[in-house]
Amino acid sequence: MEQDNRFIDDEGKALMLGNEAIVRGCLEAGVSYVSQYPGTPTSDIGEYFHQILRKNPEMKEYLTHQWAVNEAVATSSCAGAAWTGCRSFNPMKHVGLNVASDALSVIALNGPNPGGMVVSVGSDPGSLGSHQEQNERFYAWMLHLPTIEPHTPQECKDWIKLAFDLSEKYDLVINVRTTTRSAHSRGFVALDSLVKGKIKGEFIRNIPKFNSLPPHAINNHIRLYERIEKLREIAPNLGLNKIIPGDNKIGIITSGMPFGYTMEALNQLELNNISVLKLGMVYPLNYKQIIDYMQNLEKVIVIEELEPFLEMKISEISHNFKINVEIVGQKYFPKYNEYSTGLVADCLAKIFNKQPNEQMIKAIAYFNSYKNIIPSRFPTFCAGCPERATLYSILKATNQLENTIICGDIGCYVMSFFPPQQCSDLVICMSGGLSAAIGMSTKTDQKVVAMIGDSTFFHTGMSPLTEAVGYNSNILLIIFENSWTAMTGHQNDVLRYLINQGISIERLCKAIGVSWIRVEDSYKPKRLINTIEEALNSNGLKVIIIKRECGLQAHRWRMDQVHRLKEQDEKVQEVEYFIHGCQMCYDCARILSCPAIRRTEVDGFESMQIDQDRCIKCGVCYEICPNGAVHKTIYNSLDTEVPFREI
């Protein structure tokens with residue numbers, strides 16, 4: 001297998017994703033400290049850093065990547081590293097900026113000098129991997145974060161380097177904004193030399209700069225506006241913004257991925273005389289550059305995904321400087337979902353009163369036909385997922401949620417609201433389920449169940465748990481302890497370090513003051529059902545910790561052990577579950593809903609059958625079948641047993 005040298009070669013070109021190019025840019029910029037909490041579309045940035053450090057351990061001397069417990073911790077950690085004179089990098093997803101904003105609002109005031117600090121916020125138009133698609137660009141204005149928005153992987157690499165230079169020169173935290181599409185689009189990137197980051201820095205005491213309390217907070221605020229204005233003045237000289245010329249009286253202003261859609265759409269519509277101002281820096285905007293572009297136009301079309309951030313700022317400039325030009329955007333373009341070339345072309349065709357050409361109509365029709373080409377299904381839990389088995393137990397213990405509210409949260413179990421389980425009544429944000437449950441439990445006599453994962457528990461879950469203890473809220477909290485940050489890709493993150501150091505969620509709950517605690521295994525559903533029933537019939541706060549490793553990781557580990565033993569010519573036990581005498585009660589299909597179980601026909605009779613290629617041998621269907629139709633066979637029963645590992 002050929003070695004991947006894209007992150008260590010000093011010259012040449014390499015095919016890279018946007019996120020890979022960002023990492024490469026950091027290495028060329030001399031970054032020495034990176035901290036983040038995993039979240040799509042920026043999770044793989046951390047994966048690449050870890051991959052690089054594993055393959056090049058000598059780089060650990062000057063480069064550190066840490067998975068933080070949450071985004072606020074990551075942001076403050078990066079500020080601390082920058083204040084010692086190092087360059088620090090802080091990736092996060094768009095909703096992660098909500099968590100980081102409390103810290104970032106002050107760090108931006110203080111400034112990152114003597115070092116440099118760059119954040120990279122991955123936006124998610126279309127909610128491709130998120131519970132909402134907020135337009136986090138408005139934070140740029142509120143927190144005073146100069147924001148650069150690359151389009152191509154080459155720009156991702158080059159502009160990260162520029163961001164660090166600007167951060168150090170102007171004492172500003174710079175945001176390099178990507179979207180799910182730009183983070184995971186691929187292109188060739190020209191490589192430059194790597195730069196070693198600082199091994200160690202030194203913090204120099206400066207109370208007015210680093211202590212944002214009166215009167216220093218006001219002085220820092222004034223100083224921040226001065227720094228922003230200096231950057232605004234030199235923005236046209238940075239090479240981030242460019243104009244594609246045209247002699248039409250209608251022009252377009254756009255940025256990021258919508259720029260690519262716009263150029264393709266104009267080409268398809270044969271509108272080659274339209275000028276386009278591509279903004280690489282979306283905040284702050286240089287007034288003169290915007291005014292000069294609009295001066296001789298009759299109409300400006302602003303093309304941007306989500307809420308009209310640029311349209312609002314450009315309209316403000318037009319109004320303040322009395323530019324007689326019509327500005328349109330949200331009037332024609334949707335404020336939701338991810339854009340495409342077809343969507344932009346369709347909207348532009350209406351503005352210019354043009355009929356799309358036949359090729360474009362066919363392309364849009366083909367793009368929209370994917371629903372007929374690809375079978376549609378709800379996202380679902382993996383075969384053997386312990387969370388699936390827990391949901392089954394909740395449904396059984398509550399008689400299909402009779403008089404029961406389920407407060408969901410962020411994690412794989414966010415899928416619990418889909419059919420057939422439909423076992424989640426609300427999702428807010430990380431640890432929002434438990435917080436909502438506290439309020440609900442005071443104002444309803446219904447039974448209230450909250451769910452939270454182990455990573456979310458450490459992220460922000462202990463604070464609401466402390467409140468629930470303080471008020472002895474009548475809640476059943478179910479903590480999924482699967483020992484992985486599974487939803488974002490099983491990162492070897494801070495949760496893994498905590499587990500390896502023997503940190504116990506059970507002991508933490510006891511230390512916080514929880515008195516009613518049970519530790520259960522979702523692969524033993526009958527016992528779990530009884531425990532849930534006991535909890536719901538008890539008053540006050542109850543916590544059930546489900547200790548069972550993520551099914552995917554548990555199966556991978558177990559099969560590795562089996563293969564290793566077989567390579568040593570040892571015989572191992574083989575377990576197989578099969579269905580015979582099925583009564584078609586559908587408990588396994590509609591309540592447990594395991595994807596390894598399917599309906600088929602056997603000897604002319606309908607029956608459920610187990611797909612052996614998908615089954616991980618968790619045995620939950622065997623435990624729950626009310627008719628005893630699931631049977632268990634053990635081959636080589638006297639030989640070595642390889643069970644799932646305990647956590």
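Residues numbered from 1 in each chain as written. Predicted model: local features only at pLDDT ≥ 70, side-chain atom pairs only at ≥ 80, totals over all residues. Heavy atoms only, no water.

Undergrad: Before we move on, could you go through the overall build of the protein chain and cite the residues and values that matter?
TA: Looking only at helices and strands, the protein chain features 24 helices and 24 strands. Taking 26 Å as the expected radius of gyration for a compact globule of 647 residues, we find that the protein chain reaches 28 Å, a close match to that expectation. Counting every position in the protein chain, which comprises 647 residues, the buried fraction comes to 56%. By element, 50% of the accessible surface of the protein chain is carried by carbon and sulfur atoms, the whole surface being about 29,100 Å². Measuring between centres, the 64 positive side-chain charges of the protein chain sit 2 Å from its 72 negative side-chain charges. (Helix = DSSP H or I, 4+ residues; strand = E, 2+ residues; numbered from the N terminus. Rg over C-alpha atoms; globule rule 2.2 N^0.38 Å. Buried < 20%, exposed > 50% of the residue type's maximum accessible area, 1.4 Å probe, protein only. Areas by Shrake-Rupley, 256 points an atom, 1.4 Å probe, with all protein chains shown as cover. Lys, Arg positive; Asp, Glu negative; His and termini not counted. Charge placed at Lys NZ, Arg CZ, Asp CG, Glu CD.)

Undergrad: Account for the sheet that holds strand β14 (residues 299-303), with residues named and values stated.
TA: Sheet architecture is open: five strands sit in the order β10-β12-β11-β14-β15, paired in mixed fashion. With one partner strand each, in any of the chains shown, β10 (242-244) and β15 (326-328) form the two edges of the open sheet. Pairs of neighbouring strands in the sheet enclose a mean axial angle of 20°, with direction left out of account. Where strand β11 (residues 250-255) meets β14, five bridges bridge the pair, whose relative direction is parallel. Along β14, the bridge assignment pairs Gly251 with Val300. Together, β10, β11, β12 (275-279) and β14 form the strand contacts of helix α10 (residues 256-268), whose direction differs from that of β11 by roughly 145°. (Pairing = 2+ DSSP bridges. Axes fitted to C-alpha atoms, helices over the stretch in contact; angles between N-to-C directions. Contact = heavy atoms within 4.5 Å.)

Undergrad: If you had to explain the pattern of salt bridges to someone new, which residues and values would you point to?
TA: Throughout the structure, instances matching the rule amount to 31 salt bridges. Between Lys209 and Asp171 there is a salt bridge, with the nearest N and O atoms lying 2.8 Å from each other. Residue Lys209 is found in helix α8 (residues 207-210), and its partner Asp171 is found in the loop between α6 (153-170) and β7 (174-176); the two are separated by 38 residues along the sequence. Take Lys209: its relative accessible area is 11%, and that puts it in the buried class. Under the relative-accessibility criterion, Asp171 is labelled buried at 6%. The shortest N-O distance in the salt bridge between Glu229 and Arg232 comes to 3.1 Å. Here Glu229 pairs with Arg232, and both are found in helix α9 (residues 216-234), just three residues apart, close to one helical turn. Here Arg232 falls in the buried class, since its relative accessible area comes to 11%. (Salt bridge = Lys/Arg side-chain N within 4 Å of Asp/Glu carboxyl O.)

Undergrad: Can you tell me about unusual backbone geometry, naming the residues and giving the values?
TA: A cis amide bond links Thr40 with the next residue in sequence, Pro41, at an omega value of 15°. Among the secondary structure elements, Pro41 is positioned in the loop between β2 (33-36) and α2 (43-55). For the bond from Pro419 to Pro420, the omega torsion is 5°, close enough to zero to count as cis. Its place among the elements puts Pro420 in the loop between β16 (404-407) and α17 (432-443). The phi dihedral of Leu401 is positive, around 70°, even though this residue is not glycine. For Leu401, the location among the structural elements is in the loop between α16 (386-397) and β16. Overall, the relative accessible area of 15% leaves Leu401 in the buried class. Positive phi values are uncommon outside glycine, yet Ser431 reaches one of about 75°. Along the polypeptide, Ser431 turns up in the loop between β16 and α17.

Undergrad: Which residues make up helix α3 (residues 71-82), and what values do they have?
TA: Taking 1.5 Å as the rise per residue, α3 with 12 residues should run 16 Å; its terminal C-alpha atoms sit 16 Å apart, in good agreement. For α3, the complete set of buried residues consists of Glu71, Ala74, Thr75, Cys78, Ala79, Ala81 and Ala82. The buried residues of α3 occupy an angular sector of 160° when projected down its axis, which confines them to one face. Looking at the buried residues of α3, the elements they touch are β2, β4 (87-93), α4 (96-110), β5 (116-123) and α18 (454-471). Capping of α3 at its N-terminal end is provided by Asn70; its side-chain oxygen lies 3.1 Å from the backbone amide nitrogen of Ala72. (Expected span 1.5 Å × (residues − 1). Arc of directions from axis to C-beta. Polar contact = N/O pair within 3.5 Å; in protein donor to acceptor, adjacent residues only side chain to side chain.)

Undergrad: Describe empty space enclosed by the protein, and please don't skip the residues or the numbers.
TA: Enumeration according to the criterion identifies nine cavities of 30 Å³ or more in this entry. Estimated volume of the largest cavity: approximately 140 Å³. Going through the elements one at a time, α16 and α24 (620-624) are the ones with two or more residues in the lining of the largest cavity. Residue composition of the lining of the largest cavity, by class: 14 nonpolar, two polar and two charged. By volume, the second largest cavity amounts to about 100 Å³. Along its surface, the second largest cavity is lined by 14 residues, and Cys582, Cys585, Cys588, Cys625 and Ala629 are the ones closest to its centre. (1 Å grid on protein atoms, 1.4 Å probe; cavity = no way out; pocket = protein on both sides within 12 Å on 5 of 7 lines; lining within 4 Å. Points joined across faces, edges and corners; volume = space filled by probe spheres on them. Nonpolar A, V, L, I, M, F, W, Y, C, P; charged D, E, K, R; others polar.)

Undergrad: Residues and numbers for the packing of helix α11 (residues 287-294) against helix α12 (residues 309-320), please.
TA: At a closest axis distance of 10 Å, the pairing of α11 and α12 adopts a crossing angle of 80°. The angle between α11 and α12 places the two elements in the roughly perpendicular class. Contact with α11, carried on its side by Tyr287, Ile290, Ile291 and Met294, involves Ile314, Ile317 and Ser318 of α12 and no other residues of that element. Class assignment for the residues of the contact of α11 with α12 results in six nonpolar, one polar and no charged. (Parallel < 35°, antiparallel > 145°, perpendicular 65-115°, else oblique.)

Undergrad: How would you explain the layout of surface pockets if you had to name every residue and give the values?
TA: Of the pockets and cavities examined, the largest pocket occupies roughly 950 Å³. In terms of lining residues, the largest pocket is bounded by 42 residues, among which Lys93, Gly129, Ile410, Gly411 and Met487 are the most central. Put simply, the parts of the chain that give the lining of the largest pocket at least two residues each are α4 and α18. It is α18 that provides the largest number of residues to the lining of the largest pocket, a total of five residues. Of the residues contributing to the lining of the largest pocket, the split by class is 20 nonpolar, 18 polar and four charged. Its volume calculated, the second largest pocket comes out at about 560 Å³. If you go around the second largest pocket, you meet 20 residues; those closest to its centre are Glu338, Ser340, Leu343, Phe367 and Asn368. At the level of secondary structure, the elements contributing two or more residues to the lining of the second largest pocket comprise α10, α13 (341-351) and α14 (358-368). In terms of residue count, the dominant contributor to the lining of the second largest pocket is α14 (five residues).

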